[in-house]
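Single-letter residue listing:
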Amino acid sequence: MEYDFVNVCREELRLCGVHEAEPVAILSADTPDELLGHAAAFMQAAKELGALPYHVRVPAYRGTGSGGWEVGTTPLTGHPAAMTALKEASLVIDLVFMLFSKEQLEIQASGTRILLAVEPTDVLTRLLPDRHLRERVEFAGDVLAKAESLRIEHDNGTKLTYRLGRYPVITEYGYTDEPGRWDHWPSGFIFTGAHDDGVDGTMVLAPGSIIYPFKSYIRTPITLRIEAGKIVDISGELDAALMRDYMDQFHDPDGYAISHIGWGLNEKARWSGPTMDTRGIGQEGRSFYGNVLFATGPNQELGGKNASPCHMDIPVHGYSLYLDDRQIIDRGDVVVPDMRPRS
Ligand SMILES: [Fe+2]
């Protein structure tokens, strides 16, 4: 266990409002990876705050799944005893990735708040959140919640419009101190979703766009033609072929839907960060300041019916974004003063 990382976890738990005698559950799976170190650090940090931490460790797979990256199924699926232990906590540290699962929603509904933290220790340390990031993210979330439409533009031919108002706005600023609220350390962005048939236009993914779960930067443009909330054509060279091949394997029409949309506000996160370190699930790429985070596939995270396991997050760099006709981002630079970092 790295003692410096214990200090970082203690700051993070303080931001989460952890207090004396508060039950804090640390959830991990039995995969042989560095997250056991995370569990030990959170355990020590919670103890130092006088809280009552405990570790819930479950099998990663029980021989029924493929073991591939599919959202929606977690090690808690069909494990009611572990669910009971987690709902007894007031904060769960998720080292398993419960996101998009009905188990996560059930734990939240019990009033337990959840912090997901699966990035490497150096990324977590460098991107430790603060209250100012929260203020800026919440301000942006309020502005987004009032908008009726969102538009993305780029001089590469991108013009894509989202009709809003159907789904809530989700804020992620990297810590959580409210009952039942989920967050992800690190982060620093906001998003919502359009009406299910409410996305139309063309999205040209420029070279340098990052595709998750590939964790790679595209080198050749990908042109997506989008009608009534669905991708109807994917064209381009190698990267377009890879994207098509990836999506085709799910044999799921819902995988071609347009998912959440929003933008990044974390100035500590770098566009180039994922060039140096591809461990973790890529929160630095999703969070960097001034990105537009475009996504495809499921929307049940927002309360929608699309539960496709085919989900792609694609942060793009250098685009412009408008809410109704107010410009929010100008070619990768956030132009609203209250969303910008203090200089
Ligand atoms: Fe996503």
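Residues numbered from 1 in each chain as written. Predicted model: local features only at pLDDT ≥ 70, side-chain atom pairs only at ≥ 80, totals over all residues. Heavy atoms only, no water.

Asks: I would appreciate a short explanation of the nonpolar core in the present structure.
Replies: When a protein is soluble and globular, its nonpolar side chains tend to lie buried together. Ranked by internal contacts, the top residues of the largest apolar core, which has 99 residues, are Y162, W185, M203, L205, L224, W263 and F294. What Y162 contacts, discounting residues up to four positions off in sequence, is E148, S149, L150, I152, A194, G198, V199, I258, S259, I261 and F294. Core analysis: the second largest hydrophobic core is formed by 7 residues, V123, Y212, A269 and F288 among them. (Core = buried A, V, L, I, M, F, W, Y, C linked by side-chain atoms within 4.5 Å. Buried < 20%, exposed > 50% of the residue type's maximum accessible area, 1.4 Å probe, protein only. Contact = heavy atoms within 4.5 Å.)

Asks: Honestly, helix α3 (residues 80-87) in this entry has me stumped. Any pointers?
Replies: One turn of an α-helix holds 3.6 residues; hence residues three or four places apart share an orientation. Within α3, burial applies to A82, M83 and L86. Each buried residue of α3 sits inside an arc of 105° when the element is viewed along its axis, so together they form one side. Exposed residues lying more than 90 degrees from the buried face of α3 are P80 and A81. Of the surrounding elements, those touching the buried residues of α3 are β1 (23-29), β2 (52-58), β3 (91-94) and α4 (102-109). (Helix = DSSP H or I, 4+ residues; strand = E, 2+ residues; numbered from the N terminus. Arc of directions from axis to C-beta.)

Asks: Where do I start with the coordination of the iron ion in this structure?
Replies: Four donors placed tetrahedrally around a metal ideally meet at 109.5 degrees, and six donors placed octahedrally ideally meet at 90 or 180 degrees. Around the iron ion, the protein contributes the donor atoms H260 (NE2), H311 (NE2), D313 (OD) and D313 (OD), at 2.1 to 2.7 Å from the metal centre. Bound by 4 donor atoms, the iron ion shows angles of 52 to 129° at the metal and therefore irregular coordination geometry. (Donors = N, O, S within 2.8 Å, 3.2 Å for Na, K, Ca; no water. Tetrahedral: all angles 85-135°; square planar, octahedral: opposite > 155°, others 65-115°.)

Asks: What's the story with the packing of aromatic side chains in this structure? I'm lost.
Replies: Note on aromatic pairs: each is described by the distance of the centres and the angle between the planes. Enumeration according to the criterion identifies 6 aromatic pairs in this entry. Ring plane angle 15° and centroid distance 6.3 Å describe the contact between F5 and W185, whose orientation is recorded as stacked. With F5 in helix α1 (residues 3-15) and W185 in the loop between β8 (182-184) and β9 (189-192), this residue pair connects regions lying 180 residues apart in the sequence. Comparing F5 with W185 shows no difference in burial state: the two are buried. Look at Y173 and Y175: their rings are 5.0 Å apart centre to centre, the planes differ by 70°, and that puts the pair in the edge-to-face class. In terms of burial, Y173 and Y175 fall into one category: buried. A cation over a ring is seen here: R151 above Y322, with NZ or CZ 4.4 Å from the ring centre. Stacked on the ring of Y212, the Lys or Arg R286 has its end atom at 4.3 Å from the ring centre. (Phe/Tyr/Trp six-rings, centres within 6.5 Å; stacked < 30°, edge-to-face > 60°. Lys NZ or Arg CZ within 6 Å of the ring centre and 35° of its normal.)

Such coordinate-based values are descriptive only and should not be taken to indicate function.
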